[in-house]
Amino acid sequence: MRQKIVAGNWKMNLDLDEGKELLINILDTDLNNDVLAIVAPPYIHLNSFKRILSHTNIGLAAQNCHHQDSGAYTGEISVKMLKSVGVEYVILGHSERREYFQEDSLAISFKVNTVVQNGLRPIYCCGETLIERQDGEHFKTIAKQIKQGLFNLNEMELLNCIIAYEPIWAIGTGETASPAQAQEIHAFIRKTIAQQYGDLVANNISILYGGSVKPANAQELFNCPDIDGGLIGGAALDAKSFATLTHSF
Ligand code: PGA
């Protein structure tokens, strides 16, 4: 059975004290134990968060990484460093990284490889712009991102990945893809994977939806057959909402 997942992408929000307060509040809520809850705070929170989370089932993710182990890359953090503080997941290819930091699919695929080779799990994001959707190009965009970012992995490596479909027009806008729109793309991603790796692999990969998910709309999205949970931005910054999302299946 595929893993149900609710991952909170905190983005560049909350200083360390505020972040710890949110984490403690999340720990005080009644999370659904059948769902893997993951928090992805800023880099500087990770070390102390790992200690706080050590006796819990909550997963810890970074929001980015560099693909080299070490070297003259001022301002960067390697996967080896993330691993050394107990990080288990890394969000890669988020549309904000693609847009504001000019990360192209080749650069992202290097990161995916390094993350997988270090035994961490990528949360690989894909998604189309509004113009691409209006022009009917969304399937082409998604297929390209999935192939370029993930298809140089072998079966076992791919099975270690989590995919997040996040239509760019729905991120932080309050605009959500309809359950039918989201399901259509999730099924398409699964089919694209099946064509390359077979049904067994495709059916065992968790594909999350992201883009203005909140308690009010999560249930109808998470109940779609190919949607295995969510990558959540804004609503993950509220402990009660985050907990409610884990019960929205
Ligand atoms: P949002 O962000 O839930 O605030 O739209 C989702 C994301 O960017 O991962």
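Remember, predicted model here, so these are calculated numbers, not experimental data.

K.L.:
If you had to explain helix α9 (residues 179–197) to someone new, which residues and values would you point to?
P.N.:
Three- or four-residue spacings in an α-helix give side chains the same orientation, since the helix completes a turn every 3.6 residues. Between its first and last C-alpha atoms α9 spans 26 Å; for 19 residues at 1.5 Å apiece the expected length is 27 Å, and the two agree. Of the residues making up α9, those classed as buried are Ala182, Gln183, Ile185, His186, Phe188, Ile189, Arg190, Thr192, Ile193, Ala194 and Tyr197. Two residues or fewer after α9 comes Gly198, characterised by a positive phi angle close to 95°.

K.L.:
Lay out the pattern of salt bridges with the relevant residues and their values.
P.N.:
The tally for this structure, following the rule as stated, stands at nine salt bridges. Between Arg2 and Asp228 there is a salt bridge whose closest N-O contact spans 2.9 Å. You can see Arg2 sitting in the segment before β1 (5–9) and its partner Asp228 sitting in the loop between α11 (215–222) and β8 (229–232), a full 226 residues away along the chain. Just as Arg2 is buried, Asp228 falls in that class too. Of the charged contacts, one joins Asp228 and Arg190 as a salt bridge, the two residues approaching to 2.9 Å between their closest N and O atoms. Pair noted here: Asp228 is in the loop between α11 and β8 and Arg190 is in helix α9, with a separation of 38 residues, a long-range link. Using a relative accessible area of 2% as the deciding quantity, one classes Asp228 as buried. Under the relative-accessibility criterion, Arg190 is labelled buried at 5%.

About the thresholds
- Residues numbered from 1 in each chain as written.
- Predicted model: local features only at pLDDT ≥ 70, side-chain atom pairs only at ≥ 80, totals over all residues.
- Heavy atoms only, no water.
- Helix = DSSP H or I, 4+ residues; strand = E, 2+ residues; numbered from the N terminus.
- Expected span 1.5 Å × (residues − 1).
- Buried < 20%, exposed > 50% of the residue type's maximum accessible area, 1.4 Å probe, protein only.
- Salt bridge = Lys/Arg side-chain N within 4 Å of Asp/Glu carboxyl O.

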